[in-house]
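# Breakdown of the fold
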Amino acid sequence: MPAIEFQKVNFKYRVQSQATLHNVSFAFDYGQKIIIAGPSGSGKTTIGHLINGLIPQSVPGEYSGSILINGKDAAKMDIFQLSFEVGTVLQDTDAQFVGMTVAEDAAFLLENENTEHSQLLAQTENWLKELNLEALKKHSPQELSGGQKQRVSMAGVLSSDSKILLFDEPLANLDPASGRLAIQLIADLQKKLGLTVIIIEHRLEEALRIQADKLLVIDHGKIIANDIPDRVLTSAAVISAGLREPLYITAMRDAGVDLNKIAHITDLASLDHQAIKRQLSVWLEKKQPDKTKKSREPILSIQHLSFAYPKQAVFSDLNLTFPAGQMTAIVGKNGSGKSTFSNLVTGFLKPDSGRILFDNQPLDGQSVKERADKIGYVLQDPNQMISQNIVYDEVAYGLKLRGLSDDQIQAKTRTMLEVAGLDNMRHWPISALSFGQKKRVTIASVLVLAPRVLILDEPTAGQDYLNYRSLMNFVAELNRTQDCSIIVITHDMHLMLEYTDRAIALVDGQVIADMAPAELLNDPALLKRASLAPTSLYDLAESTGLDAVALSKRLVQEEMTRG
Amino acid sequence: MADNSFSLAYKNRGTWLDRCSGASKLLGFVLLSGIAMIVLDTRFLIFLVILSLILLKISRVKMSEVAALMKLVLVFMAINLVMIYVLAPNYGSQIYQSKDILLGSGYFALTQQELLYLVNIGLEYIVAVPLALIFLLTTNPSEFAASLNRIGIPYKISYSVSLALRYIPDVTREYHQISLSQQAKGNEISKKAPFFKRLKGASAILVPLLLSSIDRIESVSQAMELRRFGAKKRRSWYFSEKLKALDWAVLSFVLLIVIFGFILIIVNGGRFWNPFH
Amino acid sequence: MQDKKKSWISVRDVVAIGIGTAVFFVLMRFVAIPTPVANTTINLAEPWLALIGAIFGPIVGLFVGFIGHALNDTVAGWGVWWTWVFADGVLGLLLGLAKRYLKLDTETLTSKKLWFFNIWQVIANVIAWFVIAPLGDIVVYRQPAAKVFLQGFWAGIGNMVGIAIVGSILLVAYSRTRTRTGSLKSEK
């Protein structure tokens, strides 16, 4: 008997006119690790919700076909009964974490089961120990990192004793280093407790490190691949679904290595290193010379900046210069000072000492509003920025508040909408837009004030490859055509590598690296301190004895010509 | 940023008040402030003020922690007392059914009765403060929901209080984020802008906060259902302790005071103590 | 099936009370809009209460108003002023009764409905602040009528204005996100 079996499942949400899943059939065996991958809107989350019962009970819709969990018909069980069969860790760790402290959240399910108090304490203690959370027992969720919150979520779900665990995009809110740890932890628990693990994720480069038994690719509601990862990865399924395959595979593909002849592509050690090296070397020689941007006068300089919160110092004597026209990435784990940095530049916080110069003029004494004319800041979550109902109004809002004439507002707004590719949607309600389109609206609404510097906070978090591409190409275009210098706060290593000219790594308010992104990405010691992790290209370079920096730069060139 | 949405925060100060269970402190707080609300006997109120000040002393809460609040309450109390006096200078005489002028003359003459009444109301404001502070500063917020449930509030309502405490810091942070990004756009809700603009500006902050809170409600309730919240008629609590001897002692003492209060009502023949007969 | 189906309050309602209260608390504590009248502010927590009530109904409205106000008083440290806490709960309950008529989740918010909502919120505020809060103060705290009616009147007017403007904008914004947008065409 399989752990989970879908037979010819079709599904349609009540609010949608078209079906989300078409004739989906698969079976997962006990003790397996399965990855379900697909772009946004492919139906992968829908599958997850069908497994844990959120559909159709919490989100209404109709399905046909049969779903068997542990051999039982899911249609006959409610969400509570299903939760005994499958434990779910949701993507949003802040929503998942409902307790006021770590211990309470770990105990939440047992509390709901009305478990007798001494037993409740003992079991909770046990799971806290298992996940190495004892020291954090009394911490509130606000005091934890993304990785720690996720561990708490696991403790909270494992206490249900269900042997099937479902992870909905476990990597979405984690920096690369924590992501690796999470994957490792899931793999360890799976082995130790004999679990069946289903991971819904589109970030394959990191997720595949779990050494999955099965990779299921879904696109437009249909399963287009369902096999061991070795076979799926050498086929075209991942690319045709609009997903990003692991970087080392793309590099080999581009270099003309015949992937179909490789039996275990997921195992780098098993590859024929000499043959691959030969082909890669030929490919590397086709590299065009680096385009270096002309170094220009600084647009923004930070001089001897110090800042401390009442209980915690962040920066002491920070010095940074941003030449005009550059695209810079600021990386570092949560709490390293990245957001404090942007809050100081935008004037939301006042420095204790030191100066910030814009175009060689000090910014101190200028209000948040005045600074916004020079330095635009785009929050990570577009929903936190959008206050108007219609696309046009949202973009025009800042101009209206600045008291411009109607003609000026109209002209500037229309031009900006044109640039952002939103002009034909200008009368649409914003609620009808996709996440990626909303993100564009927020960028346009900041950019319409014509700032010369744009700070983007995690612009691509939670977006799939195609959305990522289209958004970052838009940003790169702004950088080229609007003479706008761009600072991106991110832990997306692809973004840093592909789009930025420079990477600054912050750790505890200190600049530990300020170099070309490809160099940073291939320096494991620095990466570790910045809570990043090397890409699979680094591993490929290691095993073939090639230069990792050259390999990275070559791949970026190839990717950018693909557009 | 503004994570300390509770400027007054729980801390274990190592006294018996900290060891007392949350449920008995909650019950004590509610009963004592309740009886102070009902029994307007000046002597009784003075007794309660002294008692609660002693308790505050015992709790080892530092004056510096609460000084700002105390000032605020005194100002607030003064405004209320002045308002009462200006609007109803004869209310005291009505209550005590006699009129002995202390100073002044005419409508605004200050009577002994009005003075006593104002003292009563003042004491009422004052007595609530140390009691609230003791409860707030010695009770672990995590225990709060379990305590509510223990004193008979349905567990679903008790848990919603816990959820509120859990998400207040997140909402605060989000509110700041949103209002800062609105400020950058040029949105002004301070006194600089005209009144209706201010209100419209405020809506521009509330709209994103509202929409994201609605999303949050959806995802949190999904997460809770998946972890079987609401599946059973009863719920156990990680932070729930059996009542100890200490708790029973505290509760008996509180109950004694409450009974005493009711006796006073009978003896006084009403909620006020009237020395003017 | 287990007994939750028949429960008087759903998990979603519990969460709506919890998070609704958190937002109510934050708005009451940190956000006040100064009015043209000296030393008077408009409290944004009440428009929020109006919206939460209109979306989730009277039970959620009642508890958000009650718990939110009580929590704010407790955390402020000055003791809980129960009569006003109770009045806020009643206001939430009354505002929540508008849910049945407004049907924000399924129907468009017409201007007729918006007018109805505003007339109803004025009635609800009159009941809560012109009647319940002052009567409570007279009966429970034995305060003079002139003073408590003045205070109640003042608070009630502020809330009416706040809900009329901010509350209406919020309702419109929420209903726009719910109604289906069937005929979107791209324009030249």
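Residues numbered from 1 in each chain as written. Chains lettered and ligands numbered in written order. Predicted model: local features only at pLDDT ≥ 70, side-chain atom pairs only at ≥ 80, totals over all residues.

### A short note on the overall build of chain C
Regarding its fold elements, chain C presents seven helices and two strands. Within chain C, the fraction of its 188 residues that count as buried is 56%. (Helix = DSSP H or I, 4+ residues; strand = E, 2+ residues; numbered from the N terminus. Buried ≥ 20, exposed ≤ 12 C-beta atoms within 10 Å, placed from the backbone.)

### Structural notes on the overall build of chain B
Along its length, chain B carries ten helices and two strands. Taken over C-alpha atoms, the radius of gyration comes to 24 Å for chain B, far larger than the 19 Å a tight globule of 277 residues would show. Here the C-alpha coordinates of chain B stretch approximately 65 × 60 × 35 Å along the principal axes. Taking all 277 residues of chain B together, 48% fall into the buried category. Residue pairs at least 24 apart in sequence account for 74% of intrachain contacts in chain B once pairs closer than 6 positions are excluded. (Rg over C-alpha atoms; globule rule 2.2 N^0.38 Å. Contact = placed C-beta atoms within 7 Å.)

### Focus on the sheet that holds strand 6 (residues 86-89) of chain A
Residues and elements named next belong to chain A. Here we have six strands laid out as an open sheet, ordered 6-7-8-3-9-10, and mixed in their pairing. Across the chains shown, the open sheet's two edge strands, defined by having one partner strand only, are strand 6 and strand 10 (222-227). Adjacent strand axes in the sheet meet at a mean angle of 15°, parallel and antiparallel pairs treated alike. When strand 3 (residues 33-37) meets strand 9 (residues 214-219), the two strands line up parallel, connected through four bridges. Residue Ile-34 lies in a different strand from strand 9, and its bridge partner there is Lys-214. (Pairing = 2+ DSSP bridges. Axes fitted to C-alpha atoms, helices over the stretch in contact; angles between N-to-C directions.)

### Some points on the domain arrangement of chain B
It is common to report an interface's size as the accessible area lost on association of the parts. What the domain assignment reports for chain B is domain 1 (16-140 + 245-268) and domain 2 (149-226). Distance from the C-alpha centre of domain 1 of chain B to the C-alpha centre of domain 2 of chain B: 34 Å. (Domains from an automatic or database assignment.)

### Here we look at the sheet that holds strand 16 (residues 375-378) of chain A
All names here are of chain A. Taken in spatial order, the six strands of this open sheet run 16-17-18-13-19-20, and their pairing is mixed. Looking at which strands have only one partner, the edges of the open sheet turn out to be strand 16 and strand 20 (510-515). Within the sheet, the average angular offset between the axes of one strand and its neighbour, ignoring direction, is 20°. Examined bridge by bridge, strand 13 (residues 327-331) and strand 18 (residues 485-489) share four bridges and lie parallel to one another. Counterpart to Thr-328 in the pairing with strand 18 is Ile-487. Here helix 18 (residues 435-447) sits on the sheet and contacts strand 16 and strand 17 (453-457); the angle it forms with strand 16, its principal contact strand, is near 160°.

### Section: the confidence of the model for chain B
Residue and element names in this part refer to chain B. The pLDDT averaged across chain B works out to 87; a share of 97% of its residues lies at or above 70. Here strand 1 (residues 101-103) stands out as the least confident element of chain B, with mean pLDDT 85; helix 10 (residues 245-268) is the most confident, with 93. Across residues 1-5 the pLDDT falls below 50, and counting only partners more than four positions away or on other chains, this stretch makes ten contacts in the model. (pLDDT = per-residue confidence, 0-100.)

### Brief notes about the UniProt feature "transmembrane region" (unreviewed entry) in chain C
According to UniProt, the positions carrying the feature "transmembrane region" (unreviewed entry) are residues 14-36, 48-69, 81-102, 114-132 and 152-174 of chain C. Structurally, residues 14-36 of chain C is divided into 74% helix and 13% strand, and its ends, taken at the C-alpha atoms, are 38 Å apart. (UniProt positions renumbered as here; feature names shortened; annotations may be inferred.)

### As for the packing of helix 4 (residues 82-96) of chain C against helix 6 (residues 111-139) of chain C
Residue and element names in this part refer to chain C. Interhelical geometry of helix 4 versus helix 6 gives an angle of 160° and a closest axis separation of 9 Å. One finds that helix 4 runs roughly antiparallel with respect to helix 6. Crossing of helix 4 against helix 6: the hand is right-handed. Listed contacts from helix 6 to Thr-83, Trp-84, Phe-86, Ala-87, Val-90, Leu-91, Leu-94 and Leu-95 of helix 4 are Gln-121, Ala-124, Asn-125, Ile-127, Ala-128, Trp-129, Ile-132, Ala-133, Gly-136 and Asp-137. Across the contact of helix 4 with helix 6, the residue classes tally to 13 nonpolar, four polar and one charged. (Parallel < 35°, antiparallel > 145°, perpendicular 65-115°, else oblique. Left-handed = near helix turned anticlockwise from the far one by under 90°. Nonpolar A, V, L, I, M, F, W, Y, C, P; charged D, E, K, R; others polar.)

### A short note on the interface of chain C and chain B
In this assembly, 49 residues from chain C lie in contact with 56 residues from chain B. Contributing elements (two or more residues each) for the side of chain C that touches chain B: helix 1 (11-30), strand 1 (32-34), helix 2 (45-56), helix 3 (58-76) and helix 7 (145-178) of chain C. Considering every element that reaches the side of chain C that touches chain B, the biggest residue donor is helix 1 of chain C, with 13 residues.

### So, the pairing of strand 4 (residues 61-69) of chain A
Residue and element names in this part refer to chain A. Bridge count between strand 1 (residues 4-13) and strand 4: eight bridges; the pairing is antiparallel. Among the inter-strand pairings, Lys-12 is bridged to a residue of strand 4, identified as Glu-62. In terms of strand pairing, strand 4 meets strand 5 (residues 72-73) through two bridges, oriented antiparallel. Counted as the bridge partner of Leu-68 is Asp-73 from strand 5.

### Observations concerning unusual backbone geometry
Residues and elements named next belong to chain A. Cis geometry is adopted by the peptide bond preceding Pro-56, which originates at Ile-55 and carries an omega value of 0°. The residue Asn-70 is not glycine, and still its phi comes out positive at about 50°. The residue Asn-70 is located in the loop between strand 4 and strand 5 in this model.

### Considerations on the packing of helix 23 (residues 536-544) of chain A against helix 24 (residues 548-562) of chain A
All names here are of chain A. At a minimum axis distance of 9 Å, the contact between helix 23 and helix 24 shows a crossing angle of 130°. When the interaxial angle is binned, helix 23 and helix 24 end up oblique. Remark: the crossing between helix 23 and helix 24 carries right-handed chirality. For the pair helix 23 and helix 24, the contacting residues are Leu-537, Tyr-538, Leu-540 and Ala-541 in the first and Ala-548, Leu-551, Ser-552 and Leu-555 in the second. Partitioning the contact of helix 23 with helix 24 into residue classes produces seven nonpolar, one polar and no charged.

### Quick word on helix 1 (residues 44-52) of chain A
All names here are of chain A. With eight of nine residues buried, helix 1 lies mostly within the body of the structure. Within helix 1, burial applies to Lys-44, Thr-46, Ile-47, Gly-48, His-49, Leu-50, Ile-51 and Asn-52. Once helix 1 ends, the next one or two residues include Gly-53, with phi positive near 95°.

### Let's talk about the environment of Phe315(A)
Residue and element names in this part refer to chain A. As for its placement among the helices and strands, Phe-315 is situated in strand 12 (residues 312-323). Spatially, the C-alpha atoms of Phe-315 and Leu-305 are 6.7 Å apart, while their sequence positions differ by ten residues. Beyond its immediate sequence surroundings of up to four residues, Phe-315 is in contact with Leu-305, Ser-306, Phe-307, Gly-337 and Gly-509.

### Points about the environment of Ser153(A)
Residues and elements named next belong to chain A. Within the element layout of this structure, Ser-153 appears in helix 7 (residues 146-158). Look at Ser-153 and you get buried, because 25 C-beta atoms sit within 10 Å. Spatially, the C-alpha atom of Ser-153 lies 25 Å from that of Lys-528, the residues being 375 residues apart in sequence. Setting aside residues no more than four positions away along its own chain, Ser-153 makes contact with Val-89, Thr-93, Gln-96 and Phe-97.

### Some thoughts on the environment of Gly53(C)
Residues and elements named next belong to chain C. On the secondary structure map, Gly-53 appears in helix 2. Owing to 30 C-beta atoms within 10 Å, Gly-53 belongs among the buried residues under this scheme. Separated by 47 residues in the primary sequence, Gly-53 and Arg-100 have C-alpha atoms spaced 11 Å apart.

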